[in-house]
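Geometric and topological summary
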Amino acid sequence: MIELTYRDALRKALADAMTEDPSVILIGEEVGRYGGAYGVTKDLIREFGPERVIDTPISEPSIVGAAVGAAMTGLRPVAELMYVDFIGMTMDQLGNQAAKIRYMFGGQIGVPMVLRTQGGTGRSAGAQHSQSLEAYVMHTPGLRLAMPATVADAYHLLRQALRRPDPVVFIEHKALYTMKETVDLDAEPLPWGRAAVRREGGDLVIVTYSRQLHYVMDAANRLAEQGVEATVIDLRTLNPLDFDTIRERVNAVGRAMVVSEGVMTAGVAAELAARISEECFDYLEDPVVRVAGEDIPISVSVALETGSVPGPGLIAETALRLTGKRAAA
Amino acid sequence: MIELTYRDALRKALADAMTEDPSVILIGEEVGRYGGAYGVTKDLIREFGPERVIDTPISEPSIVGAAVGAAMTGLRPVAELMYVDFIGMTMDQLGNQAAKIRYMFGGQIGVPMVLRTQGGTGRSAGAQHSQSLEAYVMHTPGLRLAMPATVADAYHLLRQALRRPDPVVFIEHKALYTMKETVDLDAEPLPWGRAAVRREGGDLVIVTYSRQLHYVMDAANRLAEQGVEATVIDLRTLNPLDFDTIRERVNAVGRAMVVSEGVMTAGVAAELAARISEECFDYLEDPVVRVAGEDIPISVSVALETGSVPGPGLIAETALRLTGKRAAA
Amino acid sequence: MTNTSPIERTGERPGASNSRLPEFYRTMRRIRTFEERVGELFVRGQSAGSMLHLSIGEEAAAAGVSAAMRPQDTFTTHHRGHGIFLARGAEPARMMAEIGGKEAGYCHGKGGSMHIADMGLGHLGANAIVGGGIPAVVGAGLSARHHASGAVSIAFFGDGATGQGVLYESMNMAALWGLPVVFVCINNQYGMGTRIDQATANTALHERAAAFGLEAMSVDGIDVEVVADAARTLVEGARAGRPGFLAISCYRFYGHARKDKSPYRDEAEETAGRLRDPVGHARARLIETGLAAQAELDAVDADVAAEMDATIDFTIAATEPPLASMFRDVYAPDEPEPEPVRTRIDRVLARD
Amino acid sequence: MTNTSPIERTGERPGASNSRLPEFYRTMRRIRTFEERVGELFVRGQSAGSMLHLSIGEEAAAAGVSAAMRPQDTFTTHHRGHGIFLARGAEPARMMAEIGGKEAGYCHGKGGSMHIADMGLGHLGANAIVGGGIPAVVGAGLSARHHASGAVSIAFFGDGATGQGVLYESMNMAALWGLPVVFVCINNQYGMGTRIDQATANTALHERAAAFGLEAMSVDGIDVEVVADAARTLVEGARAGRPGFLAISCYRFYGHARKDKSPYRDEAEETAGRLRDPVGHARARLIETGLAAQAELDAVDADVAAEMDATIDFTIAATEPPLASMFRDVYAPDEPEPEPVRTRIDRVLARD
Ligand SMILES: Cc1ncc(C[n+]2csc(CCOP(=O)(O)OP(=O)(O)O)c2C)c(N)n1
Ligand SMILES: Cc1ncc(C[n+]2csc(CCOP(=O)(O)OP(=O)(O)O)c2C)c(N)n1
Ligand SMILES: [Mg+2]
Ligand SMILES: [Mg+2]
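Note that the coordinates shown come from a computational prediction; the quantities given were computed from them, not determined experimentally. (Residues numbered from 1 in each chain as written. Chains lettered and ligands numbered in written order. Predicted model: local features only at pLDDT ≥ 70, side-chain atom pairs only at ≥ 80, totals over all residues. Heavy atoms only, no water.)

Here we look at the overall build of chain C
The helix and strand tally for chain C stands at twelve helices and seven strands. Taking 2.2 N^0.38 as the reference for a compact globule, 352 residues should give roughly 20 Å; the C-alpha atoms of chain C span a radius of gyration of 21 Å, in line with that estimate. Considered along the principal axes of its C-alpha atoms, chain C spans approximately 80 × 50 × 40 Å. Counting across all 352 residues of chain C, residues that qualify as buried make up 66%. Sequence-distant contacts in chain C: of pairs separated by 6 or more residues, those separated by 24 or more amount to 74%. Counting only carbon and sulfur atoms, one obtains 52% of the accessible surface of chain C, whose full area is about 11600 Å². Mean positive and mean negative side-chain charge positions of chain C (35 and 45 charges, respectively) differ by 2 Å. (Helix = DSSP H or I, 4+ residues; strand = E, 2+ residues; numbered from the N terminus. Rg over C-alpha atoms; globule rule 2.2 N^0.38 Å. Buried < 20%, exposed > 50% of the residue type's maximum accessible area, 1.4 Å probe, protein only. Contact = heavy atoms within 4.5 Å. Areas by Shrake-Rupley, 256 points an atom, 1.4 Å probe, with all protein chains shown as cover. Lys, Arg positive; Asp, Glu negative; His and termini not counted. Charge placed at Lys NZ, Arg CZ, Asp CG, Glu CD.)

Describing the site of ligand 2
Around ligand 2 sit 23 residues, and of these Glu60(A), His79(D), Arg80(D), Ala128(D) and Tyr190(D) come closest. Bordering ligand 2 are residues originating from chains A and D. A distance of 3.4 Å separates a nitrogen atom of ligand 2 from a polar side-chain atom of His129(A). One of the side-chain nitrogen or oxygen atoms of His79(D) is found 2.7 Å away from an oxygen atom of ligand 2. Classifying every residue of the shell around ligand 2 by side-chain character gives ten nonpolar, nine polar and four charged. (Near = heavy atom within 4 Å. Polar contact = N/O pair within 3.5 Å; in protein donor to acceptor, adjacent residues only side chain to side chain. Nonpolar A, V, L, I, M, F, W, Y, C, P; charged D, E, K, R; others polar.)

Points about the sheet that holds strand β2 (residues 153-158) of chain C
Residues and elements named next belong to chain C. Read from one edge to the other, the open sheet built from five strands follows the order β1-β2-β3-β7-β6, with strand pairing classed as parallel. The open sheet has two edge strands, β1 (74-76) and β6 (215-220), and neither has a second partner. Between one strand and the next, the sheet's axes are offset by a mean angle of 20°, whatever the strand orientation. By the bridge criterion, three bridges tie β1 to β2 in an arrangement that is parallel. Across the sheet, residue Phe75 finds its bridge partner in β2, namely Ile154. Running over the sheet, helix α2 (residues 59-67) touches β2, β3 (181-187) and β7 (244-249) and is turned about 150° from β7. Sheet strands in contact with helix α6 (residues 165-177) are β2, β3 and β7, and its direction is about 145° off that of β3. (Pairing = 2+ DSSP bridges. Axes fitted to C-alpha atoms, helices over the stretch in contact; angles between N-to-C directions.)

What about the interface of chain B and chain C?
With 47 residues of chain B at the contact, the number on the chain C side is 47 residues. Of the roughly 3900 Å² buried where chain B meets chain C, counting both sides, 60% is carbon and sulfur surface. The largest contributions to the chain B side of the interface with chain C come from Tyr34(B), Ile58(B) and Leu304(B), which together make up 15% of the buried area. Run the count over chain B and chain C and you get three salt bridges. A salt bridge links Glu317(B) to Arg342(C), with the shortest nitrogen-to-oxygen separation between them at 3.2 Å. Between the two partners, chain B and chain C, sit 18 residue pairs in polar contact (both at pLDDT 80 or more). (Buried area = accessible area lost by both parts, 1.4 Å probe. Salt bridge = Lys/Arg side-chain N within 4 Å of Asp/Glu carboxyl O.)

So, the coordination of the magnesium ion (ligand 3)
Residues and elements named next belong to chain C. For the magnesium ion (ligand 3), the full set of protein donor atoms is Asp159 (OD), Asn188 (OD1) and Tyr190 (O), and the range of their distances to it is 2.0 to 2.1 Å. Every donor residue of the magnesium ion (ligand 3) comes from the same chain, spaced as D-x28-N-x1-Y. Here Asp159, found in the loop between β2 and α6, pairs with Tyr190, found in strand β4 (residues 190-191); they are 31 residues apart in sequence, far enough to count as distant. Overall, Asp159 belongs to the buried group, its relative accessible area being 4%. Its relative accessible area of 4% is what places Tyr190 among the buried residues. (Donors = N, O, S within 2.8 Å, 3.2 Å for Na, K, Ca; no water.)

Quick look at the coordination of the magnesium ion (ligand 4)
Within the protein, the magnesium ion (ligand 4) binds to Asp159(D) (OD), Asn188(D) (OD1) and Tyr190(D) (O); these donor distances fall in the range 2.0 to 2.2 Å. Sequence spacing of the donors to the magnesium ion (ligand 4): D-x28-N-x1-Y.

Quick word on the UniProt feature "domain: Dehydrogenase E1 component" (unreviewed entry) in chain C
On the UniProt side, "domain: Dehydrogenase E1 component" (unreviewed entry) is annotated at positions that read residues 27-318 of chain C here. Within the segment residues 27-318 of chain C, helix and strand shares are 46% and 11% respectively, and the terminal C-alpha atoms sit 26 Å apart. (UniProt positions renumbered as here; feature names shortened; annotations may be inferred.)

Quick word on the packing of helix α10 (residues 268-279) of chain A against helix α10 (residues 268-279) of chain B
Packing of α10(A) against α10(B) brings their axes to within 8 Å, and their N-to-C directions diverge by 60°. By the angle between their directions, the pair α10(A) and α10(B) is classed as oblique. The two elements α10(A) and α10(B) cross, and the hand of that crossing is left-handed. Here α10(A) contributes Ala270(A), Glu271(A), Ala273(A), Ala274(A) and Ser277(A) to the contact with α10(B), which in turn contributes Ala270(B), Glu271(B), Ala273(B), Ala274(B) and Ser277(B). Residues belonging to the contact of α10(A) with α10(B) are distributed by class as follows: six nonpolar, two polar and two charged. (Parallel < 35°, antiparallel > 145°, perpendicular 65-115°, else oblique. Left-handed = near helix turned anticlockwise from the far one by under 90°.)

Looking at the site of ligand 1
Around ligand 1, the surrounding shell holds 23 residues, and the nearest of these are Glu60(B), His79(C), Arg80(C), Ala128(C) and Tyr190(C). Bordering ligand 1 are residues originating from chains B and C. Here an oxygen atom of ligand 1 and a side-chain polar atom of His79(C) are 2.7 Å apart. Arg80(C) is positioned with one of its side-chain polar atoms (N or O) 2.6 Å from an oxygen atom of ligand 1. For the shell around ligand 1, the class distribution of residues is ten nonpolar, nine polar and four charged.

Thoughts on the side chain of Thr56(B)
Residues and elements named next belong to chain B. Mapped onto the secondary structure, Thr56 falls in the loop between β3 (53-55) and α3 (60-72). Of the residues examined, Thr56 reaches a relative accessible area of 3% and is grouped as buried. Within the structure, Thr56 has its side chain in polar contact with the backbone nitrogen of Glu29 (distance 3.4 Å).

A word on the pattern of salt bridges
Under the counting rule described, the total for this entry stands at 114 salt bridges over all chains. Between Arg116(A) and Glu172(A) there is a salt bridge, and its shortest N-O distance comes to 2.6 Å. Taken together, the positions of Arg116(A) in strand β5 (residues 114-119) and Glu172(A) in strand β7 (residues 168-173) put the pair 56 residues apart, joining distant regions of the chain. Take Glu172(A): its relative accessible area is 1%, and that puts it in the buried class. With a closest N to O distance of 3.0 Å, Arg290(B) and Glu278(A) form a salt bridge. You can see Arg290(B) sitting in strand β14 (residues 289-293) and its partner Glu278(A) sitting in helix α10, one on each of two chains. Here Arg290(B) matches Glu278(A) in class, with each residue buried.

Topic: the interface of chain A and chain C
The interface is formed by 50 residues belonging to chain A together with 47 residues belonging to chain C. Contact with chain C buries surface across chain A, with Tyr103(A), Phe105(A) and Gln108(A) losing the most and accounting together for 17% of the total. At the junction of chain A with chain C, the criterion picks out seven salt bridges. We note a salt bridge from Glu279(A) to Arg347(C), for which the minimum N-O separation is 2.6 Å. Run the count over chain A and chain C and you get 20 residue pairs in polar contact (both at pLDDT 80 or more). Of all the secondary-structure elements, those providing two or more residues to the side of chain A that touches chain C are β2 (24-28), β3 (53-55), α3 (60-72), α4 (91-98), α5 (101-104) and α10 of chain A. In terms of residue class, the side of chain A that touches chain C is made up of 19 nonpolar, 16 polar and 15 charged.

A few points about the environment of Gly290(D)
Residues and elements named next belong to chain D. Mapped onto the elements, Gly290 comes out in the loop between α11 (278-288) and α12 (294-317). Taking relative accessible area as the criterion, Gly290 reaches 57% and is therefore assigned exposed. For the pair formed by Gly290 and Gln46, sequence separation is 244 residues and the distance between their alpha carbons is 41 Å.

Observations regarding the environment of Ile56(D)
Residues and elements named next belong to chain D. Examined against the element boundaries, Ile56 turns out to sit in the loop between α1 (21-43) and α2 (59-67). Classification of Ile56 by relative accessible area gives buried; the value is 4%. Setting aside chain neighbours within four positions, we find Ile56 in contact with Arg32, Glu35, Glu36, Tyr251, Arg252, Phe253 and Tyr254.

Digging into the confidence of the model for chain A
Per-chain confidence: chain A averages 97 in pLDDT, with 98% of residues scoring 70 or above. For chain A, the element scoring lowest by mean pLDDT is helix α12 (residues 312-328) of chain A, at 85; β7(A) scores highest, at 99. (pLDDT = per-residue confidence, 0-100.)

Focus: the sheet that holds strand β11 (residues 230-234) of chain A
Residues and elements named next belong to chain A. Strand order across the open sheet formed by five strands is β9-β11-β10-β13-β14, with mixed pairing between neighbours. The open sheet has two edge strands, β9 (196-199) and β14 (289-293), and neither has a second partner. For this sheet, the mean inter-axis angle between neighbouring strands, taken without regard to orientation, is 25°. Pairing of strand β10 (residues 204-208) with strand β13 (residues 256-263) involves three bridges; the strand directions are parallel. Each residue of the ladder has a partner; that of Val207, found in β13, is Val258. α10 contacts β10, β13 and β14 of the sheet and is inclined by roughly 160° relative to β13.

Shown next, in the form of structure tokens:
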């Protein structure tokens, strides 16, 4: 057991993968000498050299495109997008190239690359550096999508992503980098694509992922104090989506809530709510409630930034009302 | 009353707007001399000259970006993206700039531009020229989104879009350009943001938009022959979303289906299904069913292309099963 | 259209005895005839769609650059890439079947004319996104260096792709890192209806490549030997760590795609443009230099015609891919296939 | 770092009598002092976040180009744009308040340091996306021509933005259409930790602009008069339909953002770099030419210090924007505001 930050777990995953597999390379802005904007790749260039840790010009479309070409020709590139907010300029290379190459070419070749990036609020970074854009990726067939919430998952999901045959978008959360956990990295991890049940409770199921897991756990603890017990599901990967775990729990409990930091409309929470509503219809005693980001851009003002996304307070309050309804009924 | 194609209605909307408002300009690839890849802007350059109908190099990010700058400084640009499939390279200019400028700058200025584009299957154009990517836009606060299904709406929604104060993404359907309707363009159109109820029926509500409206109407006619009457809602705009009309009809009928050509997962159908499920929960007798595009890229093979998206057959069959269930219950 | 430049090469032709011109002629004739057959397939309603972009007029670019490549070299192409792939060794019947959207095609009917690839021949893929295949060669260049494979990776694209920012980003990276990469711009004077001088103020395209630090040349694409010579210099330079850029000037003989009749070009220009015929030029030169007699060349042509006729028969006889194959190859073979919408609907409706 | 070039201008300084140097000095001192106060605001925990990019060392670029602009001219800036906006007439207190995320700021606390704009002053917006504000000037140029306003539109960006393809697309369009547009690259030698020669093989950045057909120059940014002179030439050229590009070489005195201590630069380089001080250079020159006495300049400095101190007090006293303002300005004032998540949840839960 060691104590590790989320950041160091990611770094260790990269270092371990690079040691094990010489075809793994890192490519992106400031990943080398600078060590990554959030320090994830710190000193890796010293350990693995500039041929494997490649600092690039500020050219996101071509960084992703170069990773695609590298992946098609025998490397296992980990491209870094400094902020997920920049994904807009890369969606052609990501969505039209990386995601579709295996398919368009009739299965001849895959694109085993990982696109590491980070998103979310929490640093007062404004409208273009605080978004949660995972829905764009989830809506694009051909792309896998991992979003670790815990230190252990930061390590294991990244290691697993680096063994997948298809492109994986790996979205970290900027507010989690300094989070610490005591972990045993030798323990068998959950398989890729499996959700984790972080807490068991018979009153409602809360489905979430990434940083919101911690807000949900916090809320669940507050709820427990008031006698409401929540099952909390951490999805870990949004593609593959482990709906079996969700279905089983929701059918058993009969009440569900989904929590996502992303903008509510047409976001990940919509997919989860739609799917629970359609597949668990006969078991639901109440509507599936979405707690998600407001349909607005993020402000630099700390008050407005915090107010734009779910927090433990809103989650707990909503859960209480949702379950209270049952008590009242 | 005149008979007009969808293509000519769009063209007339552009010509009328340009005649009425000298600040309207068109900018995009092949919009001038060529007349547009699908002929929508044919001959407008002759009528309005190359200063108002601007042929550009093949530079989508900068076409959208130039439209943003033009819109901020007194023009009303209609930028054209030849295929919505190319939106991936413009999502930064669209999502980080056009969509957020009013907000980030505290309401000082708007971006009254229209981005015209077209999407969908039907021309065997392959994986990178056949997509339905409206979900990316719907998930981006700050962008309005119109998707006309009829000839009259092609005209009126485009005219209305050109009077809106905020950026509007206007997505045509490539399979509709040659569709003809007899229309009275002088009749008062539905207001911007209002859904159209295209058909009334007490057995189920089908919510759809764009080309799928025609498949749904076709299916509804087949259903009627079997005694099943559907209410059909054509959304016309996805932002604003006229949920009031949906809620009212679904609450009255108790059964709903949503139909979209876009990929099912995390798509527009997910948002619609989630919202109907949560807001109409107590009125729903059955789960909301999503009929949407497969979670796969589109093939060039005609058989596979057609099989990848909903058609009247699947829609009718699903509706029948959905309503049959009620009869059986 | 002439696009001359200070570093335009005049072309040093090898002595007649070891000339590759007969081989080039055959390659170019095969491309020309293949493209004519693609047109026929369309007319017969057997192509998948009408997005068919013929490379007639551009045969020297395909044959000349291809001749400079080695077996381990890789490449990406654009939407007008049939000729390049043929020059690199593609089987024309499988190409034609792909263009027809048939199961027997290179990509089992999923890709079509604009998405043909073959890993065995180093073809990393054609692209329907203008400029879309360009950055991949930067990655392939990194790979070649990493594996010390000695491979060069070449991006083929049209003059229209010079409008795409990704080209400059990729050229900058290649120059910065000294990668074994060559950017080949087939300047057929048009991007759809837009003439090159309507798309850029400086049509000497190699100048911008040079400004990023690439070895850059522009050549006249009527003469396959000139193209091959310049390509050899640049490809071998790239192999030695000096990435290059080659603009090849030619003329798009026909419309942009099968349905375009080029109303935006005047007849005189088209007539002059079609005189810039690399196949005819090579034929004349072979005869003039005594490397081949008229009759020999006629025999080559007949041979090629028969080969290409067979591709149409093959395609017409071929079957559509099975519907279930739709769900295959979204992800790797060992991964679960995406669940069909019908299956999901079944589950929702079968809730009792 | 010197980045000299064949067309680098040596700078023709006007005669002392009508020199604008005293005015430039004041502008540059105001920028310098403002940025120092931004640092202080951060240290006092009153800034919104740590994404504060100081333009210390770049004052001549801001003051010199700004002096070439007319009231109707418009511009976009990058994430390091405080100085440019100040030079164009911004109120420093409202800027500081915005940097503090306060209601009294230019954008009511929504934008922050990287998203300041003011339509009245022609500021079409700072941008947190490297290169993000560049294409807007192409549109503003089209607008100026359409309205025959005589306005020029200027894009300010850093050397790092030369990695962004959108720059080349936009330069190509501006050159093609002869728009009243100037691209100003403030080359402070670094994009975060990456030195310009680690980002491109050819650091003579104006060469690539010239290859697209722009009027292009590189100048040394230590001397504000040299910058102003080159800018005047290019801005007036642009007004006459000859778009331009100006690279201004300078040195980023401090880290990329407030928390970066630049460990990737060696001390000797930093020391030498900080000697390239445009404010100190102007001061020395004013004294040396007798245009101003030491004491006068000290008085200017004191005056400016007082002005800028007040911006901090103003910001600290200012209030956070009200929570409900969050939903304002997503769309135009007459449009309905987005429905808050709480309202939607209320409706779902209040279903009885
Ligand atoms: C990104 C993108 N923009 C626009 C198109 C539509 N389009 C297809 S081919 C073409 C012209 C390309 O011209 P060029 O690169 O010169 O190639 P050519 O057709 O002449 O071979 C255009 C505009 C596209 N496929 N992709
Ligand atoms: C598209 C994009 N990529 C990356 C970043 C992260 N980033 C912010 S500033 C910066 C360096 C920019 O360097 P330069 O353009 O030279 O401006 P400077 O900071 O030197 O003023 C980077 C990489 C960003 N904001 N936007
Ligand atoms: Mg061309
Ligand atoms: Mg810089």
